[in-house]
Amino acid sequence: SQRMPWSSLLEVAYVGNRSRDLPQTSGQGSAINLVPVGATLSSKNGGIDPNSLVANNFRPLQGFGNIALATNGLYSNYNSMQMTWVRTKGRYVINLNYTYGKAMGIVNASRDPFNLRNDYGVLPTNRTHIFNAAYSIELGDPVRNKAAGYVVNGWQVSGILQWQSGANLTGFSSNNNFGANYNHYKVPGTQFDVSNLSLLGTDAIQLNPTLTCDPASGLGKNQFINPNCFGIPTALGQNGPTVLPAVYGPAFFNADLGLFKNFALGEVRKIQLRFNAYNFLNHPLWSFNGSNLNLNFDANGKITPQSDANFGAVTEKQGHRVVQLAVKFYF
C-alpha cells in the first residue's frame with residue numbers, strides 16, 4: 001500500500017486460498033464398485049465385441065451397480081495478484097481495480113474415477129483477467145451567467161466500466177470433452193465401434209478425443225477453438241486428456257454512464273434530473289448458441305461438416321444500449 005500523487009492510493013496484494021477435504025460423491029475414493037480397467041477387452045473375452053457385453057457383469061461386487069460413498073477428497077486452489085488505485089478527493093472520485101488470477105480444482109471427479117489427479121485442471125469459473133473502473137466527476141461551474149449557469153453548471157457524471165477475459169470453454173463443455181461423438185468409427189482391424197469398453201476395457205473412464213495441436217491456435221474469424229486439433233483414439237489403452245487444456249471464450253465488456261444534476265427549489269426542496277445509459281457504447285457480446293460446442297466425427301474419423309462449420313465459433317450477439325430518463329422531486 002502506497003500513497004501516490006494526485007491524493008491517490010495504490011494497493012497491490014496477493015490473494016489466494018487452498019481448499020482440501022471437500023465433499024464428493026463420485027471419483028476416486030468415492031466409487032468403490034467400478035468395472036476394472038481392461039476387463040471388457042475382446043482379448044480377454046474370447047474375441048467378443050466389447051460393446052455387446054454387459055458392463056455390470058464385470059463389477060467386483062456382483063448384483064450392484066456403481067456404489068458411490070459420501071466422502072471428502074476433492075481439492076481446489078486460487079491464486080491472484082490484485083491491484084487497486086483509488087482517488088477520493090476533490091471533484092474527481094476514481095476507483096480502478098485489476099485482478100490477474102487462476103482458479104484450479106477438480107473439474108469433474110467422475111471423468112477418471114481411478115485417478116483423481118487426472119480430473120484436476122482450470123475450473124470453468126476461472127477468469128484470468130478482471131478489470132473494473134468506477135468514477136464520479138463533478139463538472140464544475142464553467143458558466144458565469146446566472147441564468148445560463150442554472151442550466152449548465154453543477155452537473156455530475158458517473159459511470160462503471162467492466163472487462164473480464166472469457167470463460168474456460170473446456171470446463172463448460174459437455175462432459176468436459178465437448179460431448180465427443182465418434183459415430184460408429186471402428187477400431188482399426190475390427191468391426192468394433194470405438195468406445196471406452198473396446199479401447200479401455202471399462203465403462204468407468206470416459207473416452208476423450210486426442211489432441212493433435214493446440215486447440216487455441218489456427219483460429220478463423222470469431223472462432224475460439226480449432227476443431228482440426230481433435231482426433232479419435234484408436235489404439236488399445238489410448239485416450240485423450242481427461243481434462244482438456246484451458247481454451248478461453250469471448251471476453252465480457254460493459255460500460256454504464258450516468259449524468260445528473262440537482263435543481264434547488266428553495267432551501268429544502270429540489271428536483272433531480274438524471275440520464276442513465278446502460279451499455280452506452282452499444283457494445284455487442286458474442287456468445288455460443290448451445291450447439292456449436294459439440295464435437296462430432298463421421299465414420300471416417302473426420303469432423304462432420306456441421307461441426308466443422310460452427311464448432312468453436314461464436315455466431316450470436318447479445319446486448320443493446322438502454323437509455324433511461326428519471327426525474328426525482330425531493331421535499
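Residues numbered from 1 in each chain as written. Predicted model: local features only at pLDDT ≥ 70, side-chain atom pairs only at ≥ 80, totals over all residues. Heavy atoms only, no water.

Peer 1: A description of unusual backbone geometry should follow, citing residues and the corresponding values.
Peer 2: Here the phi dihedral of Ser7 falls at roughly 55°; this positive angle occurs in a residue that is not glycine. Relative to the assigned elements, Ser7 resides in the loop between β1 (2–4) and β2 (8–24). Of note, the phi angle at Phe178 is positive, near 60°, even though the residue is not glycine. Within the element layout of this structure, Phe178 appears in the loop between α2 (169–172) and α3 (196–199). (Helix = DSSP H or I, 4+ residues; strand = E, 2+ residues; numbered from the N terminus.)

Peer 1: Could you give an account of the pairing of strand β10 (residues 252–265), with specific residues and numbers?
Peer 2: Consecutive side chains along a regular strand alternate between the two faces of the sheet. Bridge count between strand β7 (residues 156–164) and β10: nine bridges; the pairing is antiparallel. Residue pairing across strands places Gln162 opposite Asn254, the latter belonging to β10. Pairing of β10 with strand β11 (residues 269–278) involves nine bridges; the strand directions are antiparallel. Opposite Leu257, over in β11, you have Ala277 as the bridge partner. Between the antiparallel neighbours β10 and β11 lie three residues, among them Gly266 with a positive phi of about 90°. (Pairing = 2+ DSSP bridges.)

Peer 1: So what's going on with the layout of surface pockets? Residues and values would help.
Peer 2: Approximately 250 Å³ is the volume attributed to the largest pocket. Those elements that provide at least two residues to the lining of the largest pocket are α2 and β12 (285–287). For the lining of the largest pocket, the element with the most residues is β12, which contributes three residues. (1 Å grid on protein atoms, 1.4 Å probe; cavity = no way out; pocket = protein on both sides within 12 Å on 5 of 7 lines; lining within 4 Å. Points joined across faces, edges and corners; volume = space filled by probe spheres on them.)

Peer 1: Summarise the nonpolar core; cite the residues concerned and give the values.
Peer 2: Counting residues in hydrophobic clusters, the biggest one holds 24 residues, and the most contacted among them are Phe178, Tyr182, Val194, Ile225, Phe230, Leu295 and Phe297. Setting aside its immediate chain neighbours within four residues, Val194 contacts Tyr182, Tyr185, Lys186, Val187, Leu199, Leu207, Ile232 and Pro233. Ranked by size, the runner-up nonpolar core spans eight residues in total, among them Leu74, Leu116, Tyr120 and Val122. (Core = buried A, V, L, I, M, F, W, Y, C linked by side-chain atoms within 4.5 Å. Buried < 20%, exposed > 50% of the residue type's maximum accessible area, 1.4 Å probe, protein only. Contact = heavy atoms within 4.5 Å.)

Peer 1: Would you mind going over the environment of Val37 in detail, with residue names and values included?
Peer 2: With respect to the helices, strands and loops of the structure, Val37 is situated in the loop between β2 and β3 (71–89). Exposure remark for Val37: the relative accessible area of 52% places this residue in the exposed category. Counting along the chain gives 77 residues from Val37 to Phe114, while the straight-line C-alpha distance between them is 9.0 Å. Contact partners of Val37, with chain neighbours within four places excluded, come to Phe114, Leu200, Gly201, Thr202 and Ile205.

Peer 1: I'd like a description of the side chain of Ser76, backed by residues and values.
Peer 2: Of note, Ser76 is situated in strand β3. The residues contacting Ser76, other than those within four sequence positions of it, are Arg18, Ser19, Arg20, Leu22, Met104 and Gly105.

Peer 1: Any details on the packing of aromatic side chains? Residues and values, ideally.
Peer 2: Here a ring pair, both rings aromatic, is described through the centre-centre distance and the interplanar angle of the planes. Overall, the coordinates contain eight aromatic pairs when judged by the stated rule. With 6.3 Å between their ring centres and 85° between their planes, Trp155 and Phe263 make a pair best called edge-to-face. With Trp155 in the loop between α1 (146–152) and β7 and Phe263 in strand β10, this pair connects stretches of sequence that are 108 residues apart. Judged by its relative accessible area of 14%, Trp155 is buried. Judged by relative accessible area, which is 16%, Phe263 ranks as buried. Here the aromatic rings of Trp155 and Phe275 are separated by 6.4 Å at their centres, their planes lie at 35°, and the arrangement is tilted. (Phe/Tyr/Trp six-rings, centres within 6.5 Å; stacked < 30°, edge-to-face > 60°.)

Peer 1: Outline the pattern of salt bridges, listing residues and values.
Peer 2: Applying the stated rule across the entire model yields two salt bridges. Here Arg59 and Asp203 are joined by a salt bridge, their closest N and O atoms 3.9 Å apart. In this pair, Arg59 sits in the loop between β2 and β3 while Asp203 sits in the loop between α3 and β8 (210–211), placing the two residues 144 residues apart along the sequence. Given a relative accessible area of 32%, Asp203 falls into the partly exposed group. A salt bridge links Lys186 to Asp193; the nearest nitrogen and oxygen atoms lie 2.5 Å apart. By relative accessible area, Lys186 is classed as partly exposed at 32%. (Salt bridge = Lys/Arg side-chain N within 4 Å of Asp/Glu carboxyl O.)

Peer 1: Tell me about the environment of Met81, and name the residues and values.
Peer 2: Along the chain, Met81 turns up in strand β3. Its relative accessible area of 32% is what places Met81 among the partly exposed residues. Aside from chain neighbours lying at most four places away, what touches Met81 is Val12, Ala13, Tyr98, Thr99 and Tyr100.

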